[in-house]
Amino acid sequence: DTGVSQDPRHKITKRGQNVTFRCDPISEHNRLYWYRQTLGQGPEFLTYFQNEAQLEKSRLLSDRFSAERPKGSFSTLEIQRTEQGDSAMYLCASSFVGSYSNQPQHFGDGTRLSIL
Amino acid sequence: GEDVEQSLFLSVREGDSSVINCTYTDSSSTYLYWYKQEPGAGLQLLTYIFSNMDMKQDQRLTVLLNKKDKHLSLRIADTQTGDSAIYFCAVPHGGYNKLIFGAGTRLAVHP
């Protein structure tokens, strides 16, 4: 069990550029979540996958944001035309939930995005 | 929607006990969680409690749950400098168990 892995750890980009983050969940975890955390706040839910299906999106996820989990394993989160307000830590979490199991979410170390 | 409230700061002396409190609004949650975040890092799952329990002890950590008052607390015994961090209470909300977090309690441990 290598834990949830996120890449890159830090991303600095100019306003208007596109960025993509990757998350590798704990193997065999069927659920994958993306959260965003701004300074001094707790994480806020963005979106959620059950295997490859994206089942819920927060109102925080504007049209500039898109997330995929094409084979039900790793996931990517893309932000197009970045804005200053996108500066935050983007956290990925995974868990396994089945008929008789409801495991807690385990988080990666996050990707810190800074928009210049 | 779900709301989770925590006090923002707690300062304790090394060796004393720390108690971090949390209140929430959604009474349908099955599990309630405590996470720890150190500077520049992600969230580390510390412990969790099932909603039909009043108390759970895990080494130096004790979780107390008062369902009637929707109050959750985390007690850390013999607090060490390595316990300095931000502690988040998290409550699942909705059918897919998305977590709703408090703003976090910053614990400072001094000699």
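Residues numbered from 1 in each chain as written. Chains lettered and ligands numbered in written order. Predicted model: local features only at pLDDT ≥ 70, side-chain atom pairs only at ≥ 80, totals over all residues. Heavy atoms only, no water.

## Thoughts on the overall build of chain B
Inference 1: Counting its secondary structure elements, chain B contains zero helices and 11 strands.
Inference 2: In terms of overall dimensions, chain B is globule-like: its C-alpha atoms have a radius of gyration of 13 Å, near the 13 Å expected for 111 residues.
Inference 3: Overall size of chain B, expressed as C-alpha extent along the three principal axes, is 45 × 30 × 20 Å.
Inference 4: Counting over 111 residues, chain B shows a buried share of 46%.
Inference 5: Across chain B, the fraction of contacts at a sequence separation of at least 24, relative to all contacts at a separation of at least 6, is 53%. (Helix = DSSP H or I, 4+ residues; strand = E, 2+ residues; numbered from the N terminus. Rg over C-alpha atoms; globule rule 2.2 N^0.38 Å. Buried < 20%, exposed > 50% of the residue type's maximum accessible area, 1.4 Å probe, protein only. Contact = heavy atoms within 4.5 Å.)

## Looking at the environment of Leu43(B)
Inference 1: Note that Leu43(B) resides in strand E5 (residues 43-50).
Inference 2: As a C-alpha pair, Leu43(B) and Phe88(B) span 45 residues in sequence and 8.7 Å in three-dimensional space.
Inference 3: Apart from the residues within four sequence positions on either side, Leu43(B) is in contact with Gln37(A), Pro43(A), Leu91(A), Phe107(A), Gly108(A), Tyr35(B), Lys36(B), Gln37(B), Phe88(B) and Phe101(B).

## Digging into the interface of chain A and chain B
Inference 1: Counting residues at the interface gives 22 residues for chain A, matched by 20 residues for chain B.
Inference 2: Of the roughly 1700 Å² buried at the junction of chain A and chain B (both faces included), carbon and sulfur atoms supply 54%.
Inference 3: Together, Asn102(A), Pro104(A) and Phe107(A) form the three largest contributors to the area buried by chain A at its contact with chain B, with a combined 26%.
Inference 4: At the boundary of chain A with chain B, the tally comes to one salt bridge. (Buried area = accessible area lost by both parts, 1.4 Å probe. Salt bridge = Lys/Arg side-chain N within 4 Å of Asp/Glu carboxyl O.)

## Notes on the state of the cysteines
Residues and elements named next belong to chain A.
Inference 1: Within the structure shown, the criterion is met by two disulfides over all chains.
Inference 2: Between the sulfur atoms of cysteine 23 and its disulfide mate cysteine 92 the distance is 1.9 Å. Residues cysteine 23 and cysteine 92 share a disulfide whose torsion about the S-S bond is about -70 degrees; that sign makes it left-handed. Taken as a pair, cysteine 23 in strand E3 (residues 19-24) and cysteine 92 in strand E9 (residues 88-95) lie far apart in primary sequence, 69 residues in all. No difference in accessibility class separates cysteine 23 from cysteine 92, as the two residues are buried. (Disulfide = S-S within 2.5 Å.)

## Observations regarding the sheet that holds strand E7 (residues 65-68) of chain A
Sheet strands pair via backbone hydrogen bonds, and the direction of the pair is either parallel or antiparallel.
All names here are of chain A.
Inference 1: Ordered in space as E1-E3-E8-E7, the four strands form an open sheet in which the pairing is antiparallel. Unpaired on one side and paired on the other, strand E1 (5-7) and E7 mark the two borders of the sheet. This sheet shows a mean twist of 15 degrees between the axes of neighbouring strands, independent of strand direction.
Inference 2: As paired elements, E3 and strand E8 (residues 75-79) share five bridges and run antiparallel to each other. For cysteine 23, the partnering residue across the bridge sits in E8 and is serine 75. (Pairing = 2+ DSSP bridges. Axes fitted to C-alpha atoms, helices over the stretch in contact; angles between N-to-C directions.)

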